[in-house]
Amino acid sequence: MIDRETVIHVAKLARLGLSEEDINIFQGQLSVILQNIAILQEADVSGVSPTAHASRLTNIMRTDTPRPSYPPEVLLANAPDQEDNYLKVNAVLEGE
Amino acid sequence: MTELYQLTIHEAGKLLRQRKISSVELTQAHLDRIRAVEDKVKALTLITDDLALQQAREADKRLARNENLSPLTGIPIAIKDVICTKDITTTCGSRMLENFKPPFDATVMQKLNAAGIVMVGKTNMDEFAMGSSTEHSAFFPTHNPWDLERTPGGSSGGSAAAVAAGMAMGAYGSDTGGSIRQPGALCNVVGLKPTYGRVSRFGLVAFASSLDQIGPFARDARDAALLLQVIAGHDPCDATSSPHPVADYTANLNGSIKGLRIGVPEEYWVEGTQPEVVAAVQADIEKLHEMGAIVEPVSLPHTKYGVAAYYIVAPAEASANLARYDGVKYGYSYRDTNDMWEAMEKTRQYGFGAEVKRRIMLGTYALSAGYYDAYYKRAEKVRTLIRQDFERAFERFDVLASPASPTVAFKLGEISDPYQMYLQDVFTIPANLAGICGISIPGGFSNGLPIGFQLLGNAFAEDMILRVADAFQRVTDYHTRWPQL
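Only a predicted model underlies this, so the values are computations on that prediction, with no experimental measurement involved. (Residues numbered from 1 in each chain as written. Chains lettered and ligands numbered in written order. Predicted model: local features only at pLDDT ≥ 70, side-chain atom pairs only at ≥ 80, totals over all residues.)

Enquirer: Looking at this model, I keep getting lost on the packing of helix α9 (residues 306-321) of chain B against helix α11 (residues 354-367) of chain B. Mind explaining?
Expert: Residues and elements named next belong to chain B. Where α9 contacts α11, the axes come no closer than 7 Å and their chain directions differ by 100°. Considered as vectors, α9 and α11 are oriented roughly perpendicular to each other. Along the contact surface, α9 presents Tyr311, Ile312, Pro315, Ala316, Ala318 and Ser319, while α11 presents Arg359, Ile360, Leu362, Gly363, Thr364, Ala366 and Leu367. (Axes fitted to C-alpha atoms, helices over the stretch in contact; angles between N-to-C directions. Helix = DSSP H or I, 4+ residues; strand = E, 2+ residues; numbered from the N terminus. Parallel < 35°, antiparallel > 145°, perpendicular 65-115°, else oblique. Contact = placed C-beta atoms within 7 Å.)

Spelled out as structure tokens, the structure:
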């Protein structure tokens, strides 16, 4: 089971705004999902190393060869706001 | 008489190369079919008719010169809207990317364009490929061509429905936990998930990077082989793509499976699987036995942990991958504040739908301090056990056979509980966790609704599962049936 405070805390970690209704719904739904996932605790994993990926490859190297890049105008074409080929954002530092 | 939109790719390719039909005619037939049925099926987020006809004219020139031809030259294809198409909207079924036009083509698109395909449209999907019904599309659900009140499955439901309805001769989708095979099963088309690393993920919008693979939808196994051949191979832009040599996927489609060893996982006959599905798939397996295959039971003892492990690993990776949607670089952006954090939180609140939020929450929780070892690390260890189950099984067997989905297509709105929806992928998830390949092929019907037959193969054994699928289709006719639309 997870409580309301945990839902709010996790949403904050994920920078995900939630409505009051969302918080209530997710508290119930996430609890049900976690109850089902609890079956993992039954598995005997002693001495088992974790699998992070299934690519069967390790340490892939390539030569560091310069290639043409995209012009800023192309990369910024989808930007919500921009100025002089920079992304424009709200002030990051407070109290200025 | 057979309509042009009912041909297979290998049949149409022959007619194109013999100059008996043109790509423009073939493309027009599909655009007409789209016009006739799309209002009912809603498979497409975008119809690219002008582009399609332009590509068809190019293909006809290429065919006339008989130069540099691919089996896909001039063939109408649909692309899941999670694969980046240069300057063409790629929405991922999300409000977040409703107006996003990628500045580049995915590697898969570069290969398809070089082969001379005709793209008829982008297909609908569950938002960011999270779902098993397309009901989580931010725009509209797709309807199953076999029963318009039912879902086509998901997340690649639009791609499956487009092929089933004759709107495209083949389609591409992505499979993270079953998102190609389950909709393939529910729509009576072939759906193939390649081995992890067989196909480049460059330009595939990321959901869970250790599980995602692009793969084809087709009307038969031979077409699936042709569609896979063009996209398979190493890509310097994707460090997880494999240098393993690409097989010739049509070379062994000879109809013979005599002496092949087929394992039937005992743990895949679980409670909750519809009896009609069990009966049909058992008959399918018996058919393989009659054709000369050696059929024996096999145990995959950690199967029962598959869904649980997946619903830690996939949301954890998703929560990291989807952190990029912050309203700054591209996509939807909440502008009605001067506060940076509020802008970011509201961008994500209004840009993401409920299922995506649910998985971000679940993944963030599993990775958060105090829970990391109990959930994420444990799930990764269980993933090792599941992988080892398959390694042991493939020492003894060439192919494993099972149902693709526990149920036939369910009604739109029927499954409202998130965890019940997750169980749709109980037979498909283990292959993603292990990184092996799998295919779902038409395997029967129950009251007019398709049943999917899944064949799993070892890593890079796509040629093997295609061989068995093709042989099966030579003695069955499920895949040749058409829905009434």
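Enquirer: When you look at the domain arrangement of chain B in this model, what are you seeing that I'm missing?
Expert: When the parts come together, some accessible area is lost, and that loss is often what is quoted as the size of the interface. All names here are of chain B. In terms of domains, chain B is made up of domain 1 (6-260 + 397-480) and domain 2 (304-380). The C-alpha-based centres of domain 1 and domain 2 are spaced at 27 Å. Taken together, the contacts link 29 residues of domain 1 with 22 residues of domain 2. Going through the elements one at a time, α13 (418-422) and α14 (429-434) are the ones with two or more residues in the side of domain 1 that touches domain 2. Take the side of domain 1 that touches domain 2: its biggest share by element is three residues, from α14. (Domains from an automatic or database assignment.)

Enquirer: It is not clear to me how the sheet that holds strand β10 (residues 437-446) of chain B should be interpreted in this structure. Could you clarify?
Expert: Adjacent strands of a sheet form backbone hydrogen bonds with each other and so pair up, either parallel or antiparallel. Residue and element names in this part refer to chain B. Spatially, eleven strands are ordered β1-β3-β2-β4-β6-β5-β10-β11-β9-β7-β8 in an open sheet, and the strand pairing comes out mixed. For this open sheet the edge positions go to β1 (44-47) and β8 (294-298), each flanked by a neighbour on one side alone. For this sheet, the mean angle separating the axes of adjacent strands, direction not counted, is 30°. Across the sheet, helix α2 (residues 23-41) is in contact with β1, β2 (76-80) and β3 (118-123); its angle to β3 comes to roughly 25°. Most of the contacts of helix α5 (residues 157-164) go to strand β4 (residues 170-175), to which it runs at about 155°, and overall it touches β1, β2, β3, β4, β5 (190-193) and β6 (213-218). (Pairing = 2+ DSSP bridges.)

Enquirer: Is there a simple way to think about helix α1 (residues 4-13) of chain A in this case?
Expert: In an α-helix, one turn spans 3.6 residues, which is why side chains three or four residues apart end up on the same side. Every buried residue of α1 of chain A is listed here: Val7, Val10 and Ala11 of chain A. Buried positions in α1 of chain A, seen along its axis, are confined to an arc of 100° and lie on one side of it. In this structure, the buried residues of α1 of chain A make contact with α2 (20-37) of chain A together with α11 of chain B. Remark: Arg15 of chain A follows α1 of chain A within two positions and exhibits a positive phi of approximately 50°. (Buried ≥ 20, exposed ≤ 12 C-beta atoms within 10 Å, placed from the backbone. Arc of directions from axis to C-beta.)

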